[in-house]
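# Observations on chain architecture
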Amino acid sequence: MTNTPEQSQLGKPAACVDHYDPSLLFPIGRAPKRAELGLTGSLPFFGADLWTAYELSWLTPRGKPQVAIAHVTVPCETPNLVESKSFKLYLTSFSNTPFATPEEVRQRIRTDISEAVWRGAQAPSSVGVRLILPEEFDREQVHELDGVNLDRLDIECTQYTPAPELLTAAFDEQPVQEVLVSNLLKSNCLVTGQPDWGSVQIRYSGPQIDQGGLLRYLVSFRNHNEFHEQCVERIFTDIRARCRPVKLSVYARYTRRGGLDINPFRTSHPTAVPASVRTARQ
């Protein structure tokens, strides 16, 4: 039986469990939201969800606390995503649990998240997990998404729920290759309605997309309630349908909540996922 967002801990009081408990993870099926977009067979994209966990701590066998940053990569072909509050509660459960080494912590996270996102299906691969230890913290970069900034445009915005009809492209002109970015992406949590703030990068080749229409379209998510992963798939699907690019990638970096940020990446062609480098707002 598939979990629903309403059954999760989102918007509800939750006890703080400080001893390791993988049962806290709450997977939610991707299929229902994908069906709303007409995605019921083979997916038209590749990609992954890049998570960064900034609040990870555990104990050594002698009781000394340890800290790390975790980068987690979840392939988009997994049948489930992990609800973010449950991910936070799960990571908190490490805090008073002794582990022999950081590698044991990494392997435990890798095993548990893999089981959750592949639950109900045969897992062809595990998720990726990389721990950044304190001696490496200085190497963590801050960099804005590269591309032409759509936010420079002085436009009027009047629609605040997704309006794909705003997307147009110059089908009768020579194709182009462009990378466009905006920091004006905002949507709301599917369950609580709390705001999610993000930046988005759109990389494509094909008929030139009208930049003003694209920016209005991105702004139109402002009052829309969906998880980060679902918003990025909606953006990808709408641009693909309306503008018919030959190649298309959509990458969003959302500001953190509860010590976690989620950064979905979807692309029409096989390519390496972007390096998980946080933006200034993250």
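The preceding data block contains the structure.
This structure is a prediction, so every number in the text was calculated from the model and none was measured. (Residues numbered from 1 in each chain as written. Predicted model: local features only at pLDDT ≥ 70, side-chain atom pairs only at ≥ 80, totals over all residues. Heavy atoms only, no water.)

### A few points about the packing of aromatic side chains
Per the stated rule, a full pass over the model turns up ten aromatic pairs. A ring pair is formed by Phe 45 and Phe 236, whose centres lie 5.5 Å apart and whose planes are at 85 degrees; its orientation type is edge-to-face. You can see Phe 45 sitting in the loop between helix 1 (31-36) and strand 2 (46-59) and its partner Phe 236 sitting in helix 5 (residues 228-243), a full 191 residues away along the chain. Classification of Phe 45 by relative accessible area gives buried; the value is 3%. (Phe/Tyr/Trp six-rings, centres within 6.5 Å; stacked < 30°, edge-to-face > 60°. Helix = DSSP H or I, 4+ residues; strand = E, 2+ residues; numbered from the N terminus. Buried < 20%, exposed > 50% of the residue type's maximum accessible area, 1.4 Å probe, protein only.)

### Examining the side chain of Arg 253
Mapped onto the elements, Arg 253 comes out in strand 11 (residues 247-254). Buried charged residue Arg 253 carries no salt bridge. Nearest counter-charge: Asp 261, at 4.2 Å. From its side chain, Arg 253 meets the backbone oxygen of Val 277 in a polar contact 3.1 Å long. (Lys, Arg positive; Asp, Glu negative; His and termini not counted. Salt bridge = Lys/Arg side-chain N within 4 Å of Asp/Glu carboxyl O. Polar contact = N/O pair within 3.5 Å; in protein donor to acceptor, adjacent residues only side chain to side chain.)

### Side note on the sheet that holds strand 6 (residues 148-149)
Here eight strands make up an open sheet; going across it, the order is 5-3-2-12-11-9-8-6 and the pairing mixed. Edge positions in the sheet fall to strand 5 (128-132) and strand 6, since each has one partner strand and no second. In this structure, strand 6 lies alongside strand 8 (residues 176-188), joined through two bridges in parallel fashion. Considered in strand 8, the bridge of Val 148 is made with Leu 180. Those strands touched by helix 4 (residues 211-219) are strand 8 and strand 9 (195-206), and its axis lies near 25 degrees from that of strand 8. (Pairing = 2+ DSSP bridges. Contact = heavy atoms within 4.5 Å. Axes fitted to C-alpha atoms, helices over the stretch in contact; angles between N-to-C directions.)

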